[in-house]
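# Structure assessment
Okay, here's what each chain looks like letter by letter:
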Amino acid sequence: MNTAETVGSPPGRTSALLRRLAANTYDALLLFALWVAAAAPLAIAFAVAHDSQSPLLQDILRGYLPVVGLIYFSRAWLKSGQTQGMRAWGLTVRGARGRLSIGRALARYVLALGWWAALIEGLTLSFHGDYLAATALLALFGSAYFWIFIDPESQCLHDRLSGTRVLFMPKSAHARQKPQTSEA
């Protein structure tokens, strides 16, 4: 895997596939907890109205929960370049020219959400016996992440398409980036 940085790129080295998937798993667990907390008031309100199985509730949650995810990820990416999962695994996301813009964060989230939706739907279809459609969706998800192996900078497809880069930042690099304070 190519870990060398090009001239003018942010410090650090490009992250590996396993490190990224570990950070994604960590963030998925946090996001699930956030979704439960965000959905609970709505579910309680519908349960009180004796309509907890309402198709309207399902439709609201299908639109609301991805927005909650967008807020979680974009806020973290824009503030520090790292979600909690990325921080735990020493990863940071940057724009092509440094700091991430709102537009790039949105594009990255929407693209990555699409790949993960393909994974979830593919697994669901495979449990229901629709193996052809499941294989196509799982291949779509896999292609986004295995793009790392053919990309010259070892980036995922959603990074390439959104103009972002995920970099591995060793602990020593974090220490070097912190501003030095002097006592007067």
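All values derive from a computational prediction rather than experimental measurement.

Further remarks concern the overall build of the protein. When its secondary structure is counted, the protein shows seven helices and three strands. Counting across all 184 residues of the protein, residues that qualify as buried make up 37%. In the protein, the proportion of contacts linking residues at least 24 apart, taken out of those at least 6 apart, comes to 64%. Surface accessibility of the protein: about 11,100 Å² in total, with carbon and sulfur atoms responsible for 67%.

Okay, the pattern of salt bridges next. Evaluated as defined, the whole model comprises six salt bridges. For Arg-108, the salt bridge identified is with Asp-159, shortest N-O distance 2.7 Å. Taken together, the residues span a long stretch of sequence, with Arg-108 in helix α4 (residues 102-127) and Asp-159 in helix α6 (residues 157-162) at a distance of 51 residues. No difference in accessibility class separates Arg-108 from Asp-159, as the two residues are buried. In this structure, Glu-153 engages Arg-160 in a salt bridge whose closest nitrogen and oxygen atoms are separated by 3.5 Å. Within the structure, one salt-bridge network assembled from shared partners comprises Asp-151, Glu-153, Arg-160 and Arg-165.

Core analysis: the biggest nonpolar cluster contains 13 residues, and Phe-73, Trp-77, Met-86, Leu-91, Val-93, Leu-100 and Val-166 have the highest contact counts within it. Of all the secondary-structure elements, those providing two or more residues to this core are α1 (17-48), α2 (55-79), β2 (91-95), α4 and β3 (164-168). Tallying contributions element by element places α2 first for this core, with three residues. Look past the residues within four positions of Phe-73 in its chain and what remains in contact with it is Asp-27, Leu-31, Thr-83 and Tyr-109. Counting nine residues, the second largest nonpolar core, distinct from the first, contains Leu-17, Ala-144, Tyr-145 and Leu-157.

A few words now on the packing of α1 against α2. Where α1 meets α2, the axes come as close as 10 Å, and the angle between the chain directions of the two elements is 140 degrees. Judged by the inter-axis angle, α1 sits oblique to α2. When you trace α1 past α2, the crossing you get is right-handed. Residues Asp-27, Leu-30, Leu-31, Leu-34, Trp-35, Ala-38, Ala-39, Leu-42, Ala-43 and Phe-46 of α1 lie in contact with α2, whose contacting residues are Leu-56, Leu-57, Ile-60, Leu-61, Tyr-64, Leu-65, Val-68, Gly-69, Tyr-72 and Phe-73. Split by residue class, the contact of α1 with α2 holds 18 nonpolar, one polar and one charged.

Scoring rules and cut-offs
Residues numbered from 1 in each chain as written. Predicted model: local features only at pLDDT ≥ 70, side-chain atom pairs only at ≥ 80, totals over all residues. Heavy atoms only, no water. Helix = DSSP H or I, 4+ residues; strand = E, 2+ residues; numbered from the N terminus. Buried < 20%, exposed > 50% of the residue type's maximum accessible area, 1.4 Å probe, protein only. Contact = heavy atoms within 4.5 Å. Areas by Shrake-Rupley, 256 points an atom, 1.4 Å probe, with all protein chains shown as cover. Salt bridge = Lys/Arg side-chain N within 4 Å of Asp/Glu carboxyl O. Core = buried A, V, L, I, M, F, W, Y, C linked by side-chain atoms within 4.5 Å. Axes fitted to C-alpha atoms, helices over the stretch in contact; angles between N-to-C directions. Parallel < 35°, antiparallel > 145°, perpendicular 65-115°, else oblique. Left-handed = near helix turned anticlockwise from the far one by under 90°. Nonpolar A, V, L, I, M, F, W, Y, C, P; charged D, E, K, R; others polar.

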